[in-house]
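Spelled out from the first residue to the last, the chains are:
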Amino acid sequence: ITLYYHTLVFVQVFVQRKGRENLRPEWTGDVIGKLHVHGLSIKELAESMGYSHEYLSVILNGKREPTGIKEKVEDAVNKLIEQRKESENGKHSSF
């Protein structure tokens, strides 16, 4: 019964907070997933965009959403992935 009570309280608090907080936009999860899959960091992405790591984190956490940021971030991620692939291909073709 104690576990049930604690679970119920947690769910109630989560539901109450959910309505008040900015929820992370779905696209940011996709971006973070792509970074992870390709071994890239948020810091690398931020540097490639000319942003600080802190500012990009604020954006990816849904606290700020400047106009056009989704497209800008997605383009930057895709460019980083392409650069990483080219870099890896260059390493393997030097035999």
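What counts as what
Residues numbered from 1 in each chain as written. Predicted model: local features only at pLDDT ≥ 70, side-chain atom pairs only at ≥ 80, totals over all residues. Heavy atoms only, no water. Helix = DSSP H or I, 4+ residues; strand = E, 2+ residues; numbered from the N terminus. Buried < 20%, exposed > 50% of the residue type's maximum accessible area, 1.4 Å probe, protein only. pLDDT = per-residue confidence, 0-100. Core = buried A, V, L, I, M, F, W, Y, C linked by side-chain atoms within 4.5 Å. Contact = heavy atoms within 4.5 Å. Arc of directions from axis to C-beta. Phe/Tyr/Trp six-rings, centres within 6.5 Å; stacked < 30°, edge-to-face > 60°. Axes fitted to C-alpha atoms, helices over the stretch in contact; angles between N-to-C directions. Parallel < 35°, antiparallel > 145°, perpendicular 65-115°, else oblique. Nonpolar A, V, L, I, M, F, W, Y, C, P; charged D, E, K, R; others polar.

### Considering the environment of L23
With respect to the helices and strands, L23 occurs in the loop between α1 (2-20) and α2 (26-37). Residue L23 is classed as exposed on the basis of its relative accessible area of 51%. Sequence separation between L23 and K63 is 40 residues, and the spatial gap between their C-alpha atoms is 8.2 Å.

### Regarding the confidence of the model for the protein
Averaged over all residues, the pLDDT of the protein is 82; the fraction at 70 or higher stands at 73%. When mean pLDDT is compared element by element in the protein, helix α3 (residues 42-49) scores highest at 97, while α1 scores lowest at 51.

### With respect to the nonpolar core
Among the nonpolar cores identified, the biggest contains 16 residues, and W27, V31, L45, M49, L56, V73 and V77 are the most heavily contacted of them. Broken down by element, the residue count for this core peaks at six residues, all from helix α5 (residues 69-92). Setting aside residues no more than four positions away along its own chain, W27 makes contact with I59, L60, E65, I69, K70, V73 and E74.

### As for helix α4 (residues 53-60)
Among the residues of α4, L56, S57, I59 and L60 are the ones counted as buried. Taken around the axis of α4, the buried residues stretch over an arc of 160°, which confines them to a single face.

### Observations concerning the packing of aromatic side chains
According to the stated counting rule, one finds one aromatic pair in the structure shown. Plain terms: the ring middles of Y51 and Y55 are 5.3 Å apart, the flat faces sit at 90° to each other, and that makes the pair edge-to-face. Taking relative accessible area as the criterion, Y55 reaches 28% and is therefore assigned partly exposed.

### Section: α3
When α3 is considered as a whole, its buried residues turn out to be L45, A46 and M49. The arc that holds the buried residues of α3, viewed along the axis, is 100°, so those residues lie on one side. For α3, exposure combined with an orientation more than 90 degrees from the buried face picks out K43 and E47. In the segment just after α3, G50 is the residue with positive phi, at about 80°.

### A short note on the side chain of T28
Tracing the sequence through the fold places T28 in helix α2. Residue T28 is classed as buried on the basis of its relative accessible area of 0%. Residues within four places of T28 in sequence aside, it is in contact with I59 and L60.

### Let's talk about the packing of α3 against α4
Any two packed helices are characterised by how steeply their axes cross, that is the angle between the axes, and by the distance between the axes. Running from N to C, α3 and α4 cross one another at 105°; their axes reach a closest spacing of 9 Å. Here α4 runs roughly perpendicular to α3, going by the angle between their axes. Facing α3, whose interface residues are I42, K43, L45, A46 and M49, α4 presents H53, L56, S57 and L60. Classifying every residue of the contact of α3 with α4 by side-chain character gives six nonpolar, two polar and one charged.

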